[in-house]
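Report on the structure
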Amino acid sequence: VQLQASGGGLVQAGGSLRLSCASSGRTFSTYVMGWFRQAPGKEREFVAAINWSGGSTYYSDSVKGRFTISRDNAKNTVYLQMNSLKPEDTAVYYCAAGYVVDSSTVIRADAYNYWGQGTLVTVSS
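Quick look at the structure, then. Predicted model only: the values in this text are computed from it and were never measured.

Definitions and cut-offs
- Residues numbered from 1 in each chain as written.
- Predicted model: local features only at pLDDT ≥ 70, side-chain atom pairs only at ≥ 80, totals over all residues.
- Heavy atoms only, no water.
- Pairing = 2+ DSSP bridges.
- Helix = DSSP H or I, 4+ residues; strand = E, 2+ residues; numbered from the N terminus.
- Axes fitted to C-alpha atoms, helices over the stretch in contact; angles between N-to-C directions.
- Buried < 20%, exposed > 50% of the residue type's maximum accessible area, 1.4 Å probe, protein only.

This brings us to the sheet that holds strand E3 (residues 17–23). Strands sit in the order E1-E3-E8-E7 across an open sheet of four strands; the sheet is antiparallel. Looking along the sheet, the strands with just one partner apiece sit at the ends: strand E1 (3–6) and strand E7 (67–72). Sheet twist, expressed as the mean angle between neighbouring strand axes with direction ignored, is 15 degrees. Sheet analysis places E1 next to E3, joined by four bridges and oriented antiparallel. Paired with alanine 5 across the bridge in E3 is cysteine 21.

Here you go:
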């Protein structure tokens, strides 16, 4: 499985961006998909995740109410709609896929099997 993240860029505080993560392979619909981010000098942190059907979503407290994760299994793509962006959202955003991720492990980076290359989001104040 190869993951290709895109959609990052420079945006002013209060603005919006939509990240996309396209997956190769025919088993995309069986994976839990997650978004993580890593700011300079900080550890990678969980942002959001979505189960295989899209029926369950998970968010970190820092983005809840501002970010929305979704997926289109027909297009093998997961999205992260980011609204009301803040300077502290500045980071490299990574998408990840996992096939044994559940609600107890969804926030753990080591629970995911495949990672994209990351896309940089910069929010200016």
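Back to the write-up after that little detour.
Glycine aside, negative phi is the norm for most residues, and most peptide bonds take the trans geometry. The backbone of asparagine 76 sits at a positive phi, close to 50 degrees, despite the residue not being glycine. Counting through the fold element by element, asparagine 76 comes out in the loop between E7 and strand E8 (77–82). Owing to a relative accessible area of 19%, asparagine 76 belongs among the buried residues under this scheme. Positive phi, close to 50 degrees, is recorded for serine 84, a residue that is not glycine. Here serine 84 shows up in the loop between E8 and strand E9 (91–98).

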